Amino acid sequence: MEAHLDSFSYDDEIVRKFLFATLLWGVVGMLVGLIIALQLANPAFNLGQYLSFGRLRPLHTNAVIFAFAGNAVFTGIYYSTQRLLKARMFSDALSRFHFWGWQAIIVAAALTLPLGYTQAKEYAELEWPIDIAIAVVWVVFAINFFGTIAKRRERHLYVAIWFYIASIITVAVLHIFNNLSVPAGPLKSYSIYAGVQDAFMQWWYGHNAVAFFLTTPFLGLMYYFMPKAAERPVFSYKLSILHFWTLVFLYIWAGPHHLHYTALPDWASTLGMLFSVMLVAPSWGGMINGLLTLRGAWNKVVEEPVLKFFVLAVTAYGMSTFEGPMLSIKSVNSLAHYTDWIIAHVHTGALGWNGFMTAGMIYWLAPRLFQTNLYSKKLAEWHFWVATLGILLYVTSIYSAGITQGLMWRAFDETGRLQFPDFIETTMRLMPMYWVRVAGGTLYLAGQIVFVYNILMTWKTRPSAYEVPVVQAAPLGKYVPKQAAPVAGGAWARFTGLLWHRTWERLPLTFSVLVAVAVIVASLFEILPTFLIKSNVPTIASVKPYTPLELAGRDLYIREGCFNCHSQMIRPFRHETERYGEYSKPGESVYDHPFLWGSRRIGPDLAREGGKYPALWHVRHMQDPRSITAKSIMPPYAHLLTQDLDFGTIQKRVDVMAMLGVPYGDAINRAEGMAHTQADAIAAEIEKAGGPSGLKNKEITALVAYLERLGTDIKAGAAGTPVAQAPVAPAAPATPAEKPVTTPRGGN
Amino acid sequence: MKSLADVVGASGLSGYAIVALVLFVFAFLLILIPLVAPSRDAEFEADGRLPLDDLTPITGRTPSAQPTARPQPHA
């Protein structure tokens, strides 16, 4: 009897939509990247408060990660999933909702980030309403994806689908838990975590965003599109499965290597390093598997730009996944952390791995999706070589900059003093390298523009109506294992008989649950002790909450993106304590929602900034940094001297902080009045010192109050001796010792 | 009454990192052992060819369930 066959077609319209979005946002994201590269080479490129480095840098990272790479991933997933499962997407309407919802989120990010609405968490800057929208759109995507798996006509889930499943599940978990916050306004919120715990959550998220947004989905694309382009199966399917499970098991632990030598507990940092080093094995296994897929087809690489892009992408994956584990080793990290080395590492991955995988995939897809020939193979070749040269210029200059920075910061002269005590000396040394980066970025962007032109010209030659091939396949019946008979020989024989493994590989729900368990259990193993063991975050009796005005100043520091250039975390190295002061303690940031330790030092660390300079110095410095430090590359913040501080929002913000457990005492009732009192005192001090008058209602007073407070609490205590006498998040009512805010520290 | 934080804090988990590592490696090996079984070689070979045919299902079919003819594209 002839089996019943379903007739269906694939939805390529949604693939075309995501493809165009990838091209558009790629140019936008890279253009913003070029602008911020110029701003570092010459601060004159900071064009006003909305287009300064601190606001554009998160726009660049969000645009290239979530807009460019995100749309590229969706392009590949929608194309390959349907074909690997022999099924049209579960719902065309959900596909369209996913597409338009994602683009709306990108537009919202492009508007809010330059306006200064940010959570101050790297790659998770977007504020709470956009975070909710991301969660909704992601869930819709997941429903559509898993619904397609449910109605598939191919029994086996190819390994690319496994990578997609892991990405979808893990990104959801990461996004939700890292973004838990309490709103303090329509576009303002405070993280529910503080200090060490917030740092831990952020870098658990941050590292795994790289892993599960920029790595695993692209690996899925590699395992589908490389065999397609090479017209031969992947070198070793076994190795691809090994690659998958090893990454899923190891990646989630690696986040703490971003916090070596900070106030993070040492055990967590060591654990992160250990798992990071192990990651090199599966990563290189995957790289080798990808490259060996081209066995017998290397002659095609010479002729086919698609394969050229794939080869360089996989090689870049190998390079950056060798470098990542190396950077996670504490001694290497002590040199590289806070420097441009990390930026070079990231760009090897982003420009090489993500950028070139995307280009190769789209060059392969375009003729098939537009049912015509590629407009120009020559232009594709040109794109490849120009962009490759761009990457080389970028990474070699920035590796040099990073190592130069790291070595200069730690250099001592023969008398035992810092050889380069002025931070600006180390900055100036980098300027030639920053200009080479601009050249590299320009070349890469030029290649991208050629790429877009080539694809658009290809699209122009499309037929008047696309052909829609009809596929026929039988629906899947209930799975009956071949080996239904009991296996003789006991439990070990049954285990090695592998029927169990084969069975759950075919069950997407079971498979997905196992992936989720691996990810969640690993996360809990690492995160819970930091939350539950008090000795990991010893409190310090002299550390008090910020006054209402200081809190407002901290919010301005966040709005302007100061954390993109200044760390607030002094590591326990002599060259750091000589330069900045006493090393940072975990107990110092227990009231910091969010933590602002930073990850880079384009400017000096500010953890002990308080008390170093008078208020007027800060005013002059903000107004025109180069009037204080001639060669400074800091943007001017003159608008802080003219814009009124919104005193009306302070009470609400203090209330939210109190809700999060910050012992605010009297400020809960009269935060605004207290802020005015302190602002008046600071403004009077500035005027008395010969500065401008009339600043008492201006934003600058709040920022000065915050900067003057930084790192001073510990000096008021017993010379930094941790005193574990209060819980991390004390409950109201506050004790008398917890009421410093009743007397604002005016006139610093 | 002692809080959960008190209990965990007093438990002295000095070897915590090692315990976590061992447990995880064990679970990982449990999943991966089947990969090295030679009995699955043919199966993996077939699975690895999945991306090469966008139109015809490869796994999970009985011979009678295969399409009788290649599908024809239409406008």
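Just so you know, these numbers come straight off a predicted model, no measurement behind them.

Cut-offs applied
Residues numbered from 1 in each chain as written. Chains lettered and ligands numbered in written order. Predicted model: local features only at pLDDT ≥ 70, side-chain atom pairs only at ≥ 80, totals over all residues. Helix = DSSP H or I, 4+ residues; strand = E, 2+ residues; numbered from the N terminus. Buried ≥ 20, exposed ≤ 12 C-beta atoms within 10 Å, placed from the backbone. Contact = placed C-beta atoms within 7 Å. Expected span 1.5 Å × (residues − 1). Bend = angle between axes of the 7 residues up to and from the residue. Axes fitted to C-alpha atoms, helices over the stretch in contact; angles between N-to-C directions. Parallel < 35°, antiparallel > 145°, perpendicular 65-115°, else oblique. Left-handed = near helix turned anticlockwise from the far one by under 90°. pLDDT = per-residue confidence, 0-100. Arc of directions from axis to C-beta. Core = buried A, V, L, I, M, F, W, Y, C linked by C-beta atoms within 7 Å. Pairing = 2+ DSSP bridges. Nonpolar A, V, L, I, M, F, W, Y, C, P; charged D, E, K, R; others polar.

## Some points on the overall build of chain A
Assigned secondary structure in chain A consists of 28 helices and 5 strands. Taking all 748 residues of chain A together, the buried fraction comes to 55%. For chain A, the share of sequence-separated contacts (at least 6 apart) that also reach a separation of at least 24 residues comes to 83%.

## Brief notes about the overall build of chain B
Secondary structure summary: chain B contains 3 helices and 1 strand in total. Reading chain B from its N end, one meets helices and strands in the order α-α-α-β. Counting over 75 residues, chain B shows a buried share of 9%.

## A closer look at helix α6 (residues 195–214) of chain A
Residue and element names in this part refer to chain A. For α6, with 20 residues, the first-to-last C-alpha span of 27 Å sits near the 28 Å given by 1.5 Å per residue. Its maximal kink placed at N208, α6 deviates by approximately 30 degrees. For α6, the tally of buried residues reaches 20 of 20 residues, placing the bulk of the element in the interior.

## What about the packing of helix α25 (residues 650–659) of chain A against helix α26 (residues 667–688) of chain A?
Residues and elements named next belong to chain A. Put simply, α25 and α26 touch, their axes get as near as 8 Å, and they point 140 degrees apart. By the angle between their axes, α25 is oblique relative to α26. The two elements α25 and α26 meet at a crossing, and its hand is right-handed. Counted together, I650, Q651, V654, D655 and A658 of α25 and A667, I668, A671, E672 and A675 of α26 form the full contact between these two elements.

## Structural notes on the confidence of the model for chain B
Residue and element names in this part refer to chain B. Across chain B, pLDDT averages 66, with 51% of residues at or above 70. Across chain B, the secondary-structure element scoring lowest on mean pLDDT is strand β1 (residues 73–74), at 40, and the one scoring highest is helix α3 (residues 41–48), at 84. Across the assembled chains, the prediction reports ipTM 0.75 with pTM 0.89.

## Structural notes on helix α3 (residues 92–112) of chain A
All names here are of chain A. The end-to-end C-alpha separation of α3 is 30 Å, in line with the 30 Å expected for 21 residues at 1.5 Å each. Taken together, the buried positions of α3 are occupied by L94, S95, H98, F99, W102, I105, I106 and A109. What you see down the axis of α3 is that its buried residues fit within an arc of 145 degrees, all on one side. Exposed residues on α3 whose side chains face more than 90 degrees from its buried face are A93, W100, V107 and L111.

## Points about the environment of M428 of chain A
Residue placement: M428 of chain A occurs in helix α16 (residues 423–428). Considered as a pair, M428 of chain A and V395 of chain A are 33 residues apart in the sequence and their alpha carbons are 19 Å apart.

## Side note on unusual backbone geometry
All names here are of chain A. The omega angle of the peptide bond from H593 to P594 is 0 degrees, so this bond is cis rather than trans. Structurally, P594 can be placed in the loop between α22 (574–580) and α23 (615–623). Its identity is not glycine, yet A120 carries a phi of approximately 70 degrees, on the positive side. Secondary-structure assignment places A120 in the loop between α3 and α4 (128–150). At Y338, a position not held by glycine, the phi torsion is positive, near 75 degrees. With respect to the element layout, Y338 can be found in the loop between α13 (330–336) and α14 (340–369).

## What to know about the nonpolar core
Residue and element names in this part refer to chain A. The biggest cluster of nonpolar side chains holds 220 residues, and the ones touching the most others in it are V159, A160, M222, V248, F309, A313 and L703. Here this core gets 17 residues from one element, more than from any other, and that element is helix α2 (residues 53–85). Those residues in contact with L703, other than ones at most four positions away along the chain, are G553, L556, Y557, M622 and L640.

## Notes on the pairing of strand β2 (residues 181–185) of chain A
Residue and element names in this part refer to chain A. Pairing analysis gives 4 bridges linking β2 to strand β3 (residues 188–191), with the strands arranged antiparallel. Across the sheet, the residue bridging to P183 is S189, located in β3. What sits between β2 and β3 in their antiparallel hairpin is a turn of 2 residues.

## Some remarks on the confidence of the model for chain A
Detailed reading of predicted coordinates is not advised where the pLDDT is low. Of all residues in chain A, 90% have pLDDT values of 70 or greater, and the mean over the chain is 90. In this model, residues 718–748 of chain A is a region of pLDDT below 50 whose contacts with residues beyond four sequence positions or in other chains number 61 contacts.

## Topic: the environment of T56 of chain B
Along the chain, T56 of chain B falls in the loop between α3 and β1. Distance from T56 of chain B to L30 of chain B, taken between C-alpha atoms, is 33 Å for residues 26 residues apart in sequence.

## Structural notes on the environment of R368 of chain A
All names here are of chain A. Position of R368 among the secondary structure elements: in helix α14. Judged by the 13 C-beta atoms lying within 10 Å of it, R368 is partly exposed. It is 9.8 Å that separates the C-alpha atoms of R368 and D12, two residues lying 356 residues apart in sequence.

## Details of the packing of helix α21 (residues 548–559) of chain A against helix α27 (residues 699–709) of chain A
Residue and element names in this part refer to chain A. Two elements in contact, α21 and α27, have axes separated by 7 Å at closest approach and are oriented at 100 degrees. As far as their axial angle goes, α27 and α21 are roughly perpendicular. On α27, the residues touching L549, E550, A552, G553, R554, L556 and Y557 of α21 are E699, A702, L703, A705, Y706 and R709. Broken down by class, the residue content of the contact of α21 with α27 amounts to 8 nonpolar, 1 polar and 4 charged.

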